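Now for the letters of each chain:
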There are 2 protein chains.
Amino acid sequence: MAKIVITSGPTRQYLDPVRYLTNASSGQMGAALAAVGLRLGHDVTIISGPVQVEYPSKATVVSVMTTQEMLEATAEHFKLSTGLIGVAAPCDYMPKVIQRQKIAKVGGTLRLELIETPDIVATIAATKREDQWVVGFALETEDHRHRAIAKMQRKRCNLMISNSASAINSSQTDLEILNADSFLIEHVVGTKQHAAIRIWDAITNYCGVGCRRPS
Amino acid sequence: MAKIVITSGPTRQYLDPVRYLTNASSGQMGAALAAVGLRLGHDVTIISGPVQVEYPSKATVVSVMTTQEMLEATAEHFKLSTGLIGVAAPCDYMPKVIQRQKIAKVGGTLRLELIETPDIVATIAATKREDQWVVGFALETEDHRHRAIAKMQRKRCNLMISNSASAINSSQTDLEILNADSFLIEHVVGTKQHAAIRIWDAITNYCGVGCRRPS
C-alpha cells in the first residue's frame, strides 16, 4: 500500500467575478484511476477542480479552483506520497490582471493579456525523490506522440500518457502509454475504466510500486 | 396556454479545440422557470448551453454551445412564441480568431483579442411584435438596479430581473423584478423555485399572458 496523489478535472482562471477560462475536463479519467488505485490497496488523495463526476467514496478529495491552488495542494500531499498521477487538465493561461468587478461591454474589442500558470506536473517532478514517481498526461491536437515525449523529458516524468481532445468529457478514450525511455508501452482504446487498469499496470511495471494487479 | 421560449445556462466560446471562455451558470433558474411555466399550462422550449441540471421532462430542450448558436435557435423558436425569458448567461465575449489547433505554451504572454458576441435578448426584443413579450435578466456586480434599468431600456424588455453574481450556481437567489417603467415590482429572496413563481406572477400581470396562478 502506497500513498498516491491524483490531480483531476479542470481548473478555472477568472477574468472578473463572472467570466473564466477553462476546458471541458470531466474528472472521469481521474475517478477511474482513483478506483483502480483503491482496488490495488493504495491510499488515494484526489486534488480536483470543479467537476460533477462522482469520485470513489474511499478516496480523499481536496477541492480547488485555480491552477495555483491545485499546485499548492498537490505539493503539500506529494511530500508524504509515493506517486503522483497528473491527469487534471489545469487551465494553463490566466489573465495578467483579474478585474474585481464584472467587465462592462463597451461595444469594442477587449484586449486580454494572458500569462502562463505554473506547470503542476513539471514543478512537482522537479522535487521528486528517488523513491517517488510522477505520471503525466499530454493532451495534444496534432503531432501527439512527439510532443508527449518532449513533454515527458522536459517535465522529468516516469511515464507519460498521450491522449487527444476527443477524450475530453467522454466515457471512452484512445491513449498511448510511453515510458521514460520514450518507448511506446501500449496503445489503449476503450473505456476510461479499462484504460485506468492498463495505466496502473504500467505504473506497477515501470515505477516500482509493489502493487497487486486489480482483481 | 402560450408558447414560451426560455434561454438557460452558460454558453462557451472556444479559443482553440480545448480552451474556452464561459461562466458558472448552472441552468437552475431556467429549470425552475420552465417548471412553473409548464404548471401554468404553457408549451415551454428551453434553449440551453452545456449544463448538468435536469430540465422538466415535459419541456422541449434544444442544446447549443456558443452564443451565436443560442441566438439562432432562440430566434427560430421565438417567431412562433408569445414570450421569451432570457435567463441564460451567454458568454458575451469571443476570441476574434479561433485557433484550429491547441495553442502551444511558449513561455510568454498570450495576447488575446476578444470581440463581443451578439446580445440575444436585445436582438430578439428588437424583432418582437405587439403580442409578444421579452423578459431579460441583468447580472451585475455593482450598481445593480441602475444598470438593470439601463439594460431594460436599451434592450426594449417588458420586464427586467436584476440579480447578482452570488446567484450563479446556487440554489438560492436574491433578485429584483423591474417593470418597463423602471419601477421595482418586487424584491425576491429565497429559492429559485420561489423566485420563478414570483417572476411568472409579474409576467402574468405586466406582459398580458392570460395564465392561471401556479397551483
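Scroll up to find the structure this text is about.
What this report covers is the structure whose coordinates are included nearby. (Residues numbered from 1 in each chain as written. Chains lettered and ligands numbered in written order. Predicted model: local features only at pLDDT ≥ 70, side-chain atom pairs only at ≥ 80, totals over all residues. Heavy atoms only, no water.)

A word on the overall build of chain A
Phase 1: Scanning chain A from terminus to terminus reveals five helices and 12 strands.
Phase 2: Against the compact-globule benchmark of 17 Å for 215 residues, chain A has a radius of gyration of 17 Å, which places it among compact chains.
Phase 3: In terms of its C-alpha atoms, chain A occupies a principal-axis envelope of roughly 60 × 35 × 35 Å.
Phase 4: Across the 215 residues in chain A, those meeting the buried criterion constitute 55%.
Phase 5: Residue pairs at least 24 apart in sequence account for 62% of intrachain contacts in chain A once pairs closer than 6 positions are excluded.
Phase 6: Of the accessible surface of chain A, which amounts to about 9500 Å², a share of 49% is contributed by carbon and sulfur atoms.
Phase 7: The centroid of the 23 positive side-chain charges in chain A is displaced by 4 Å from the centroid of its 20 negative side-chain charges. (Helix = DSSP H or I, 4+ residues; strand = E, 2+ residues; numbered from the N terminus. Rg over C-alpha atoms; globule rule 2.2 N^0.38 Å. Buried < 20%, exposed > 50% of the residue type's maximum accessible area, 1.4 Å probe, protein only. Contact = heavy atoms within 4.5 Å. Areas by Shrake-Rupley, 256 points an atom, 1.4 Å probe, with all protein chains shown as cover. Lys, Arg positive; Asp, Glu negative; His and termini not counted. Charge placed at Lys NZ, Arg CZ, Asp CG, Glu CD.)

Observations concerning the relation of the copies chain A and chain B
Phase 1: Mapping chain A onto chain B calls for a screw motion: a turn of 180 degrees about the axis and a shift of 0.0 Å along it, with 0.0 Å RMSD after fitting. Here the symmetry operator amounts to a two-fold rotation axis.
Phase 2: Take the interface residues of chain A: 100% of them recur as interface residues in chain B, which is what a same-surface contact looks like. (Least-squares fit on C-alpha atoms with pLDDT ≥ 70 in both.)

Focus: the sheet that holds strand β9 (residues 133–139) of chain A
Residue and element names in this part refer to chain A.
Phase 1: Strand order in this open sheet of eight strands is β5-β4-β1-β6-β9-β10-β11-β12, and the pairing throughout is mixed. Looking at strand neighbours, the two that pair on one side only are β5 (60–63) and β12 (184–191), the edges of this open sheet. Strand-to-strand twist in this sheet, taken as the mean axis angle between neighbours without regard to direction, amounts to 20 degrees.
Phase 2: The pairing of strand β11 (residues 172–179) with β12 spans seven bridges and is classified as antiparallel. When the bridges of β12 are listed, Leu175 appears paired with Val188.
Phase 3: Running over the sheet, helix α4 (residues 144–155) touches β9, β10 (159–163), β11 and β12 and is turned about 150 degrees from β10. (Pairing = 2+ DSSP bridges. Axes fitted to C-alpha atoms, helices over the stretch in contact; angles between N-to-C directions.)

A short note on the packing of helix α1 (residues 28–39) of chain A against helix α5 (residues 192–206) of chain A
All names here are of chain A.
Phase 1: Two elements in contact, α1 and α5, have axes separated by 8 Å at closest approach and are oriented at 55 degrees. As far as their axial angle goes, α5 and α1 are oblique. Two packed elements cross with a definite hand, and for α1 against α5 that hand is right-handed. Note on element contacts: α5 touches α1 through Lys192, Gln193, Ala195, Ala196, Ile197, Ile199 and Trp200, opposite Gln28, Met29, Ala32, Leu33, Val36, Gly37 and Arg39. (Parallel < 35°, antiparallel > 145°, perpendicular 65-115°, else oblique. Left-handed = near helix turned anticlockwise from the far one by under 90°.)

Some thoughts on the pairing of β9 of chain A
Residues and elements named next belong to chain A.
Phase 1: Of all seven residues that make up β9, seven are buried, and the element is covered over most of its length.
Phase 2: Neither face of β9 is exposed, since Trp133, Val135, Phe137 and Leu139 on one face and Val134, Gly136 and Ala138 on the opposite face are all buried.
Phase 3: Sheet topology places strand β6 (residues 83–86) next to β9; four bridges connect them, and they run parallel. Of the residues in β9, the one forming a bridge with Gly83 is Trp133.
Phase 4: Of the strand pairs in this sheet, β9 and β10 are connected by five bridges, and their pairing is parallel. Following the sheet pairing, Phe137 is matched in β10 by Ile161.
Phase 5: As for the winding sense of the linkage, the β-α-β connection from β9 through α4 to β10 is right-handed. (Right-handed = clockwise from strand over helix to strand, strands pointing away.)

Describing α4 of chain A
All names here are of chain A.
Phase 1: The first and last C-alpha atoms of α4 sit 16 Å apart over 12 residues, in line with the 16 Å expected at 1.5 Å per residue.
Phase 2: Among all positions of α4, only Ala148, Ile149, Lys151, Met152 and Lys155 are buried. Along α4, the residues classed as buried sweep out an arc of 160 degrees about the axis, all on the same side. Opposite the buried face of α4, by more than 90 degrees, sit the exposed residues His146 and Arg154.
Phase 3: Summarising the contacts, the buried residues of α4 are in contact with α3 (120–125), β9, β10 and β11.
Phase 4: Positive phi appears at Arg156, one or two residues downstream of α4, with a value of about 60 degrees. (Expected span 1.5 Å × (residues − 1). Arc of directions from axis to C-beta.)

Examining the packing of aromatic side chains
Residue and element names in this part refer to chain B.
Phase 1: If you walk through the whole model with that rule in mind, you get four aromatic pairs over all chains.
Phase 2: Look at Tyr14 and Tyr20: their rings are 4.8 Å apart centre to centre, the planes differ by 55 degrees, and that puts the pair in the tilted class.
Phase 3: Ring geometry for Trp133 versus Trp200: centroids 6.3 Å apart, planes at 90 degrees, classification edge-to-face. Of the two residues, Trp133 sits in strand β9 (residues 133–139) while Trp200 sits in helix α5 (residues 192–206), which places them 67 residues apart along the sequence. Comparing Trp133 with Trp200 shows no difference in burial state: the two are buried. (Phe/Tyr/Trp six-rings, centres within 6.5 Å; stacked < 30°, edge-to-face > 60°.)

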